[in-house]
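Structural description and commentary
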Amino acid sequence: MIKRFIGIGLGLSLVATSLMAEIEKKDLTIGFIALTDCAPIVIAKEKGFFKKNGLNVHVVKEGGGWPGIQQKVISGEYDFSHALAGMPIAATLGINGNANLQAVLSLDFNGNGITFGNKIIKKMKAYGMDETKRPLTSEALKKYIDAKHKKEGTNYQPLSFGMVHPVSTHNYELRYWMASSGIVPDRDTTIKPFPPPTMPSNLIAGNIEGYCVGEPWNERIVLKKKGSTLVTNYDIWNNNPEKVLQTRADFIEKNPETTKAVMKSILQAQIWLDTSWENRKEAAKIMSKPNYVKAPVSVLEKSMTGTFQYLKGQDSEPNPMFNVFANYYAAYPYYSHGMWFITQMYRWGQIDKAVDMKKVIESVYRPDLFAEVAAEVGYTLPPSAWKKDGVDKYNMFMDGKVWDPNKAVEYIFSTGIDESKVSKEDLLKANKWTVKTEQPNYVCPYGPAGCADPKYVTK
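Keep in mind the model is a prediction, meaning the values are calculated, not measured. (Residues numbered from 1 in each chain as written. Predicted model: local features only at pLDDT ≥ 70, side-chain atom pairs only at ≥ 80, totals over all residues. Heavy atoms only, no water.)

Another aspect to go through is the overall build of the protein chain. Along its length, the protein chain carries 21 helices and 12 strands. In terms of overall dimensions, the protein chain is globule-like: its C-alpha atoms have a radius of gyration of 22 Å, near the 23 Å expected for 459 residues. Considering only C-alpha atoms, the protein chain reaches an extent of 95 × 50 × 45 Å along its principal axes. Counting every position in the protein chain, which comprises 459 residues, the buried fraction comes to 59%. Within the protein chain, contacts between residues separated by at least 24 positions form 76% of all contacts whose residues are at least 6 apart in sequence. Approximately 17,900 Å² of the protein chain is accessible, and the part contributed by carbon and sulfur atoms is 52%. Each charge sign in the protein chain was given a centre, from 57 positive and 48 negative side chains, and these centres are 3 Å apart. (Helix = DSSP H or I, 4+ residues; strand = E, 2+ residues; numbered from the N terminus. Rg over C-alpha atoms; globule rule 2.2 N^0.38 Å. Buried < 20%, exposed > 50% of the residue type's maximum accessible area, 1.4 Å probe, protein only. Contact = heavy atoms within 4.5 Å. Areas by Shrake-Rupley, 256 points an atom, 1.4 Å probe, with all protein chains shown as cover. Lys, Arg positive; Asp, Glu negative; His and termini not counted. Charge placed at Lys NZ, Arg CZ, Asp CG, Glu CD.)

Here we take up helix H16 (residues 297–304). If you check which residues of H16 are buried, you get Val-299, Leu-300, Lys-302, Ser-303 and Met-304. Those residues of H16 that are buried are in contact with helix H2 (39–46), helix H11 (219–223), helix H14 (256–275), helix H15 (277–287) and strand E11 (307–308).

The next point concerns the pattern of salt bridges. Close approach of charged atoms allows side chains of opposite charge to pair. Within the structure shown, the criterion is met by 21 salt bridges. One salt bridge in this structure joins Glu-372 and Lys-260, with 2.8 Å as the shortest N-O distance. On the criterion of sequence distance, the pair formed by Glu-372 in helix H19 (residues 367–377) and Lys-260 in helix H14 is long-range, its members being 112 residues apart. For Glu-372, a relative accessible area of 41% gives the class partly exposed. Residues joined by salt bridges that share partners form a network here, namely Asp-37, Glu-242 and Lys-243. (Salt bridge = Lys/Arg side-chain N within 4 Å of Asp/Glu carboxyl O.)

The subject of this paragraph is the side chain of Arg-175. Tracing the sequence through the fold places Arg-175 in helix H8 (residues 169–179). Sequence-distant contacts of Arg-175, defined by excluding residues within four places in its chain, comprise Pro-185, Asp-186, Ile-191, Trp-348 and Glu-419.

In this section: the nonpolar core. The tendency in soluble globular proteins is for nonpolar side chains to be buried as a group. Core analysis: the largest hydrophobic core is formed by 152 residues, its most contacted members being Ile-89, Phe-116, Leu-141, Trp-177, Tyr-365 and Tyr-379. Tallying contributions element by element places H14 first for this core, with nine residues. Sequence-distant contacts of Ile-89, that is, excluding residues within four places in its chain, are made with Gly-338, Phe-341, Ile-342, Met-345, Val-360, Ile-361, Val-364 and Tyr-365. (Core = buried A, V, L, I, M, F, W, Y, C linked by side-chain atoms within 4.5 Å.)

Below, the discussion takes up the packing of H8 against helix H17 (residues 335–347). Closest axis-to-axis distance for the H8/H17 pair is 11 Å, and the angle between their directions is 65°. Two packed elements cross with a definite hand, and for H8 against H17 that hand is left-handed. Where H8 abuts H17, its residues Thr-169, Tyr-172, Tyr-176 and Ala-179 lie against Trp-340, Phe-341, Gln-344, Met-345 and Arg-347. Grouping the constituent residues of the contact of H8 with H17 by class yields six nonpolar, two polar and one charged. (Axes fitted to C-alpha atoms, helices over the stretch in contact; angles between N-to-C directions. Left-handed = near helix turned anticlockwise from the far one by under 90°. Nonpolar A, V, L, I, M, F, W, Y, C, P; charged D, E, K, R; others polar.)

What the rule picks out here adds up to one disulfide. Paired by a disulfide, Cys-444 and Cys-451 hold their sulfur atoms 2.2 Å apart. Torsion about the S-S bond of the Cys-444 and Cys-451 cystine: about 95°, corresponding to right-handed handedness. Each member of the pair, Cys-444 as well as Cys-451, is classed as buried. Cysteine Cys-38 shares no disulfide, and the gap to the nearest cysteine sulfur, in Cys-212, comes to 18 Å. Judged by relative accessible area, which is 1%, Cys-212 ranks as buried. (Disulfide = S-S within 2.5 Å.)

Turning our eyes to something else, we now look at the sheet that holds strand E6 (residues 159–163). Across the sheet, five strands lie side by side as E7-E6-E8-E5-E9; this open sheet has mixed pairing. Each having just a single partner strand, strand E7 (189–193) and strand E9 (227–232) make up the two edges of the open sheet. The mean inter-strand angle of the sheet, taken between neighbouring strand axes irrespective of direction, is 25°. As paired strands, strand E5 (residues 112–117) and strand E8 (residues 210–214) are joined by five bridges and run antiparallel to one another. Within the sheet, the bridge partner assigned to Phe-116 lies in E8 and is Gly-210. In this fold helix H7 (residues 139–152) packs onto E5, E6 and E7, with an angle of close to 140° to the strand it touches most, E6. (Pairing = 2+ DSSP bridges.)

Quick look at the structure:
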């Protein structure tokens, strides 16, 4: 009799587990912006990963730029979206929408460039710029701005530049690059947001001198010979986080199995993208379609196949890590990466109150949920969700600075140029925690694509 009840209980338990694992919502809409780093979402659709994991996903190219993406995720029109790494953080803090959004995985590393028009490049060359130098600093731009200040005096007209969104990696990277040579971005320049696909036309029209944007919108200008890319975000910060997959916290709570199925599908697509350069070429062809990025395959391949053409009229330069999707833990949502964006929000005056940065990022980034999905897919996890950057061969900053989350407050005020609205003292009071950081090894377990050197490929 006891055995019979045990058998019945075990059977009921298995049924319950089966029911619990049922996908709650199979028909989904995921929004994306026309950039090469939408590739994991596009490939998950086109190569059938969503379908294999029991999902019917409609992927939608958003025409309203990043503000449109954010609004539709918050309203529920999009169940998930391609997102700037800082967007779910900002929304949760109430400075970019007002909703608890969460980043369930990182979509990629690197992928951006700072591209200037021919006119300002000519002026910068007059102040000693060698555009072939890697990484190229903003020193010549600083000298030109100083001369412009001296000439125009109180009638100084700030130079205009473009980026994609106020809490974008692009905004912070452009400011970081400028400030490293002493340029004060909000005094010496005007930095305006534009949807990524409109950057080239705005530069050609003379509305801006240059911009920071993701691919393929740098190479479009370079191949048109209307300008050159002076520096990439890989040059500024090797293997920096770029985009994330975001959704609402309440969606995850109501649809945990759906969320895991979406994550599993996209993670499988990321692995597929880094398995071979042949896969990357196939991806470039897929993304060239009008309903995706709508750019020539030759342009998309400049970054997607391990090269990048910085300068108009010159050959592409090898840069196998320009786009990394799965290798070197590129899919993992590090807490420390997310916190770096909070420091930049403080540095540039976007947050006006002291918050516990650790508490905030742990409510937004989800390495815990990622670990569950990674186990199903066979994706290797780093030793910790917290690490330092600027200390290893493949995560250096161009100015030699080290990002240590345990010194987050000091980091905000360490540059000499900041516009923080919150004092160092108040931030230190709100951030009395410590975390244990561990450095991951440089590994490429999935294939050669996105890998600096074949010797790191462990597959």
